[in-house]
Amino acid sequence: MSQNADKVIDHEMLFREPEYVEMFDNKKKNFEFAFPLEKMEEIREWTKTREYQDLNFAREGLTVNPAKACQPLGAVFAAVGFAKTLPFVHGSQGCVAYYRSHFSRHFKEPTSCVSSSMTEDAAVFGGLNNMVDGLANAVNLYKPDMIAVSTTCMAEVIGDDLGAFIRTSKQKGSVAEDYDVPFAHTPAFVGSHITGYDNALKGVLTHFWEGRERTPNESINFIGGFDGNVVGNMPEIRRILSLFGAEYTVVCDPSEVWNTPTDGEFRMYDGGTTKDEVKQALNAKATLSFQAFSTEKTTKYIATTGQEVVALHHPMGVAGTDKLLMEISRLTGKPIPAALEKERGRLMDAIADSSSHIHGKKFALYGDPDLMLGLTAFLLELGAEPVHVLSTNGGEDWAAQVQALFDASPFGAGCHVYAKKDLWHMRSLLFTEPVDLLIGNTYGKYLERDCGVPLIRMGFPIFDRHHHHRFPIWGYEGSLRVLVAILDEIFEALDANTIDTATTDYSYDIIR
Amino acid sequence: MSLTVEETKVRNKELIDEVLKAYPEKSAKRRAKHLNVHEEGKSDCDVKSNIKSLPGVMTIRGCAYAGSKGVVWGPIKDMIHISHGPVGCGQYSWASRRNYYIGTTGIDTFGTMQFTSDFQEKDIVFGGDKKLEKIMDEIQILFPLNKGITVQSECPIGLIGDDIEAVSKKKSKEYGGKTIVPVRCEGFRGVSQSLGHHIANDAIRDWVFEKTDPDKNKFEATPYDVAIIGDYNIGGDAWSSRILLEEMGLRVIAQWSGDGTIAELENTPKAKLNVLHCYRSMNYISRYMEEKYGIPWVEYNFFGPSKIEASLREIASHFDDRIKEGAERVIAKYKALTDAVVAKYRPRLEGKTVMLFVGGLRPRHVIGAYEDLGMNVVGTGYEFGHNDDYQRTTHYVKDGTLIYDDVTGHEFEKFVEKIQPDLVGSGIKEKYVFQKMGVPFRQMHSWDYSGPYHGYDGFAIFARDMDMAINSPVWALTKAPWKK
Ligand code: SF4
Ligand code: SF4
């Protein structure tokens, strides 16, 4: 017996004890009827080959370990970005349990969201009654100022009409006639979570803007897009805009509700864009979207109101942030603040200090399309080679933009972009064309294990490291943080590779 | 603070009345049936259960797909489980349940992978059967050591009229009788995960038992062969259970389904006794095996030394003296450990109160473990329990315990706020709500990334974790000193 009250051991060490190891061996030998070890090894080696890669890339139906989620997840993200707003997802309730868990595992925060809990009878007769009762219950229990409705794939397949259902609910007195219930259809079988973000956001804007007269003013709107670092990024962009002295509105800001204190009170709602701000946002002279692919329909809609729209691709690093600031400056007519210029200089300073460690290093990265564009550009400017850039929810148009970045840099020469591919594709690539570092979300840890490539966690979701989402990766300051994360991993890898006493530790340098 | 039983009952009844006030009348009436104060001597908890959740109330429940893919089938490690439909469900349930297994993932085991048919609009419009066929072919090429395939239906499948049964049969034949199991666990079926368990159980009956070649994977039977049913090996629970059964002289021939394999499922009808941990999720198949193969089954509880001891004896009572002596030997062997654990932790936890809200088993099953540490469970409820669970609960709870079935966010928050327990045990969606309120919390589905909690080895971890939650210095600091 290995367990001990003085020093309790859990799953990490307990199962390495001999009695357990023996038990595992016996279970396998006597009852699992597994393939022999040699067979397993043979197949494992085969999966590392070019031949396997070709078969793997020939897949037409199967998706394995994708780097994307479904639309309503993004819709919930968008909804919680508005003040005192309760997301309401029309359809099966299980989906909502999943969205709430998913966000809570990433942000380590509660995520409030309700479902209309449709079941088999609703599948036959439609979910109108679920909407009618659901809105009434939600409004009475959780007292939101607004309920933002989206749909699961069930409601979409049976063709429930949200607009009509909400109108009927109001007629039946579920919520007051003038109660705000913006909505968006968010079919899970179209696009991904970023599409859902886009649709839901557009739903809120059309709800408040449609039929209103626009009287342009000097203010600008900022839209961030679906973003795992939103908690850190939003305060950073506000700081930047404030340094400009710009008049601005952040449209959709969940950074406070996903960053509430532990002080004895549970805040179901906190922060977020208010209804007045949304209404006012119509009058802005321009809207700046940080992530174009995450806001395609929203920005298109905004442009129809007469506003100028600037949609960027998650600009980061030096040139990316330069571009961001120059756009803000142009749109607001205000000069770039000296304080930010100094931050730029400091980022340059850090890059100059460390670039020799990054120069020529090969990277593989995957994630949402805008983040990939921003990160690729940043890596290229560091002299790194983003050899494999992959996105499950990025299409051919996205790939062409990544290719353009490669083409514009000598470091992009041997680099490839992969649209609509998944992490099992990436696994093949990492074997046939190995890299030094991998950048992606938590699921990349399986690639780290299989392919031995160190993972730098960035994107969404990140479940197995805490609190990084609290810090920005935007602006010069945020880019500095990304730089440090990359450097840390490089140094860790270098140390790990030189740590063996009397064999490699001559290189285990005290100064790097 | 310390109320008499009668005072507690009055307080709890008032609390129920209070939480119901916030609902519209119709909903208040329906929710009232799910909330109660336990009266000693009653045969159940007198609450309605396993009925539809109200829309818009923030139920904690999941869906049938979660019950099938997430609970029953997902842990079978050497099969590939296709999340069939759009990308979401499979993505959110990917590797999140901590059902541990041993194997080379991606080669001969596939537990922590997400296989999805990633439905697009055209699959909805034209049907997904062709795509499913192609997917199975691709699985055969790319994952040649898979021992079988299951199709875990997501919401759209049942709505667009796909015939996944026909596809499965056809492909099984094509691959020489390979096990391919279509599961109709669409999320809109039933009212919670629970129907998903049932559907998944039935799928094992129809597509595994019915089709197994009895000469495949043979082994020499012994009179001491048992199967562990309804243990999902969260953080290694089934392992710290199995070791005790083996130490008492039994031979565990199958694990359902944590760290399980298709061969183990197939061979289970050879067991002399099925030992059932999670009654809720696997009573169906246990009953079936009893009817069909005459295998008796016995429920057991491996949380905390009191229940473990009773369970070991109960299991042993189905065997001869050799096993009965074995049970006593195991109990004696671990006595020093449990005494030391209790001696260390009980003084730190004595008298602390707990409120639970978990799935279909733990709302009752863990109560004994808390009591072994001197703690009291003052409120409990099931996400997806049925009336037979509430009947079983009466053997565990004390007079006056607050019972809440399918609790809503609103109710749970208010209950905890008023009762102010020393610990809440529930899921990830609830965790941060209560921690913000300054109440210590442990996740009781995933063991909060710890575990195992089953067995004697697990009890030590359980005790350590409850102590570290409750006696963490952080809870004394949540209020700023100038605000006190
Ligand atoms: S894919 Fe459909 S059923 Fe699954 S979580 Fe998304 S909306 Fe729900
Ligand atoms: S223990 Fe609870 S969560 Fe786990 S399978 Fe049983 S009912 Fe479900």
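The preceding data block contains the structure.
Residues numbered from 1 in each chain as written. Chains lettered and ligands numbered in written order. Predicted model: local features only at pLDDT ≥ 70, side-chain atom pairs only at ≥ 80, totals over all residues. Heavy atoms only, no water.

1. What about the pairing of strand β7 (residues 251-257) of chain B?
All names here are of chain B. Within β7, six of the seven residues are buried, leaving the element largely enclosed by the surrounding structure. As defined by bridge partners, strand β6 (residues 225-231) adjoins β7 across six bridges and the pair is classed as parallel. Looking at β7, one finds that aspartate 231 is bridged to serine 257. A crossover connection joins β6 to the parallel β7 through helix α10 (residues 237-247); in handedness this β-α-β unit is right-handed. (Buried < 20%, exposed > 50% of the residue type's maximum accessible area, 1.4 Å probe, protein only. Helix = DSSP H or I, 4+ residues; strand = E, 2+ residues; numbered from the N terminus. Pairing = 2+ DSSP bridges. Right-handed = clockwise from strand over helix to strand, strands pointing away.)

2. Considerations on the interface of chain A and chain B
Every contact between the two is made by 103 residues of chain A and, on the other side, 121 residues of chain B. Between chain A and chain B, roughly 9,300 Å² of surface is buried when both sides are summed, and carbon and sulfur atoms account for 64% of that area. Of all residues in chain A, A:Phe31, A:Tyr98 and A:Phe189 give up the largest surface area on contact with chain B, accounting jointly for 8% of the area buried on that side. Summed over the shared surface of chain A and chain B, the number is 10 salt bridges. Linking B:Arg464 and A:Asp10 is a salt bridge whose minimum nitrogen-to-oxygen distance equals 3.0 Å. At the surface where chain A touches chain B, the tally comes to 41 residue pairs in polar contact (both at pLDDT 80 or more). Of the residues in the side of chain A that touches chain B, the class split is 54 nonpolar, 27 polar and 22 charged. Sheet topology places strand β1 (residues 63-64) of chain A next to strand β3 (residues 115-116) of chain B; two bridges connect them, and they run antiparallel. In the sheet register, A:Thr63 faces β3(B), and the bridge partner there is B:Thr116. (Contact = heavy atoms within 4.5 Å. Buried area = accessible area lost by both parts, 1.4 Å probe. Salt bridge = Lys/Arg side-chain N within 4 Å of Asp/Glu carboxyl O. Polar contact = N/O pair within 3.5 Å; in protein donor to acceptor, adjacent residues only side chain to side chain. Nonpolar A, V, L, I, M, F, W, Y, C, P; charged D, E, K, R; others polar.)

3. Observations concerning the packing of aromatic side chains
What the rule picks out here adds up to 51 aromatic pairs over all chains. Ring centres of A:Phe15 and B:Trp239 lie 4.9 Å apart, and the angle between their planes is 80°; this geometry places the pair in the edge-to-face category. With A:Phe15 in the loop between α1 (11-14) and α2 (18-32) and B:Trp239 in helix α10, the pair connects residues from two separate chains. This pair shows no difference in class: A:Phe15 is buried, exactly as B:Trp239 is. Summarising the aromatic geometry, the rings of B:Phe303 and B:Trp447 are spaced 5.7 Å apart at their centres and angled 80° between planes, so their arrangement reads as edge-to-face. Placement of B:Phe303 in the loop between β9 (297-299) and α13 (305-316) and of B:Trp447 in the loop between β14 (441-443) and α20 (455-470) is noted, with a sequence separation of 144 residues between them. What makes B:Trp447 buried here is its relative accessible area of 0%. In textbook terms, an aromatic cluster arises when at least three aromatic residues are bridged by ring pairs, as seen for A:Phe77, A:Phe103, A:Phe107, A:Tyr197, A:Phe226, A:Trp258 and A:Phe460. (Phe/Tyr/Trp six-rings, centres within 6.5 Å; stacked < 30°, edge-to-face > 60°.)

4. A closer look at α20(B)
The first and last C-alpha atoms of α20(B) sit 22 Å apart over 16 residues, in line with the 22 Å expected at 1.5 Å per residue. For α20(B), the tally of buried residues reaches 15 of 16 residues, placing the bulk of the element in the interior. (Expected span 1.5 Å × (residues − 1).)

5. Details of the side chain of A:Thr85
Residue and element names in this part refer to chain A. Relative to the elements of secondary structure, threonine 85 occurs in strand β2 (residues 85-90). A polar contact is formed between the side chain of threonine 85 and the backbone oxygen of phenylalanine 82, at a distance of 3.3 Å. Of note is the side chain of threonine 85, whose polar atom sits 2.9 Å from the backbone oxygen of alanine 83. In this structure threonine 85 touches Ala79, Met146, Ala148 and Tyr269, once residues within four positions along its chain are discounted.

6. Here's the deal with the site of ligand 1
In the vicinity of ligand 1, the contacting residues are A:Cys70, A:Pro72, A:Cys95, A:Tyr99, A:Thr152, A:Cys153, A:Ala188, B:Pro86, B:Gly88, B:Cys89 and B:Tyr92. One finds residues of chains A and B in close proximity to ligand 1. Looking at which element gives the most residues to the shell around ligand 1, the answer is helix α4 (residues 88-92) of chain B, with three residues. For the shell around ligand 1, the per-class residue count stands at nine nonpolar, two polar and no charged. (Near = heavy atom within 4 Å.)

7. What to know about helix α18 (residues 396-407) of chain A
Residue and element names in this part refer to chain A. The end-to-end C-alpha distance of α18 is 16 Å, a good match for the 16 Å that 12 residues give at a rise of 1.5 Å each. Turning to α18, its buried residues number three or more, namely Trp398, Ala399, Val402 and Phe406. Buried residues of α18 fall within an arc of 100° about the axis and therefore sit on the same side. Of the exposed residues in α18, the ones pointing more than 90 degrees away from its buried face are Glu396 and Asp407. Buried residues in α18 make contact with α17 (369-381), β10 (385-391) and β11 (416-419). (Arc of directions from axis to C-beta.)

8. Thoughts on the pattern of salt bridges
For the structure shown, the criterion picks out 71 salt bridges over all chains. Its salt-bridge partner being B:Lys333, residue B:Glu247 comes within 2.9 Å of it at the nearest N-O pair. One end of the pair, B:Glu247, is in helix α10; the other, B:Lys333, is in helix α14 (residues 321-349), and 86 residues separate them in sequence. Classification of B:Glu247 by relative accessible area gives partly exposed; the value is 22%. Where B:Arg348 meets B:Asp467, a salt bridge forms, and the shortest distance between an N and an O atom there is 2.7 Å. Of the two residues, B:Arg348 sits in helix α14 while B:Asp467 sits in helix α20, which places them 119 residues apart along the sequence. We classify B:Arg348 as partly exposed; its relative accessible area is 42%. Note on B:Asp467: relative accessible area 8%, which makes it buried. One salt-bridge network, held together by shared partners, links A:Lys27, A:Glu32, B:Lys77, B:Asp259 and B:Glu264.

9. Some remarks on a positive patch on the surface
Residue and element names in this part refer to chain B. Side chains of Lys29, Arg30, Lys33 and Lys48 sit close together on the surface and give a patch of like positive charge. With respect to the helices, strands and loops of the structure, lysine 33 is situated in the loop between α2 (25-32) and β1 (35-37). When its relative accessible area of 46% is taken as the criterion, lysine 33 is described as partly exposed. (Patch = residues over 30% accessible without salt bridge, like charges linked within 9 Å, V, L, I, M, F, W, Y side chains within 5 Å. Areas by Shrake-Rupley, 256 points an atom, 1.4 Å probe, with all protein chains shown as cover. Lys, Arg positive; Asp, Glu negative; His and termini not counted. Charge placed at Lys NZ, Arg CZ, Asp CG, Glu CD.)

10. Let's talk about the nonpolar core
Ranked by internal contacts, the top residues of the largest apolar core, which has 241 residues, are B:Trp73, B:Phe143 and B:Tyr370. In this view, B:Phe143 contacts A:Tyr52, A:Leu62, A:Val64, A:Trp424, B:Ile80, B:Gly106, B:Phe110, B:Met113, B:Phe115 and B:Glu138; residues no more than four positions away in its chain are not counted. One finds B:Leu35, B:Phe357, B:Phe412 and B:Ile419 within the second-largest nonpolar core, a separate group that totals 47 residues. (Core = buried A, V, L, I, M, F, W, Y, C linked by side-chain atoms within 4.5 Å.)

11. A closer look at the sheet that holds β6(B)
Residues and elements named next belong to chain B. The sheet built from four strands is open, its strands ordered β7-β6-β8-β9 with parallel pairing. Edge positions in the sheet fall to β7 and β9, since each of these pairs with one other strand and no more. The average angle at which neighbouring strand axes cross in this sheet is 25°, direction not considered. Of the strand pairs in this sheet, β6 and strand β8 (residues 273-276) are connected by four bridges, and their pairing is parallel. (Axes fitted to C-alpha atoms, helices over the stretch in contact; angles between N-to-C directions.)

12. Thoughts on the sheet that holds β1(A)
Taken in spatial order, the five strands of this open sheet run β1(A)-β3(B)-β2(B)-β4(B)-β5(B), and their pairing is mixed. Of all strands in the sheet, those with a lone pairing partner are β1 of chain A together with β5 (180-183) of chain B, marking the two edges. Pairing geometry for strand β2 (residues 80-84) of chain B and β3(B), over two bridges, is parallel. Paired with B:Ser83 across the two strands is B:Thr116, which belongs to β3(B). Seen against the sheet, helix α8 (residues 164-174) of chain B touches β2, β4 (149-153) and β5 of chain B and runs at an angle of roughly 175° to β5(B).

13. Remarks on the pairing of β10(A)
Residue and element names in this part refer to chain A. Among the seven residues in β10, seven count as buried, and that is most of the element. Handedness of the crossover joining strand β9 (residues 362-366) and β10 through α17: right-handed. With four bridges connecting them, β10 and β11 associate as parallel partners. Note on β11: the bridge partner recorded for leucine 390 is tyrosine 418. Once the chain exits β10 it traverses α18 before rejoining the sheet at β11, and the crossover so formed is right-handed.

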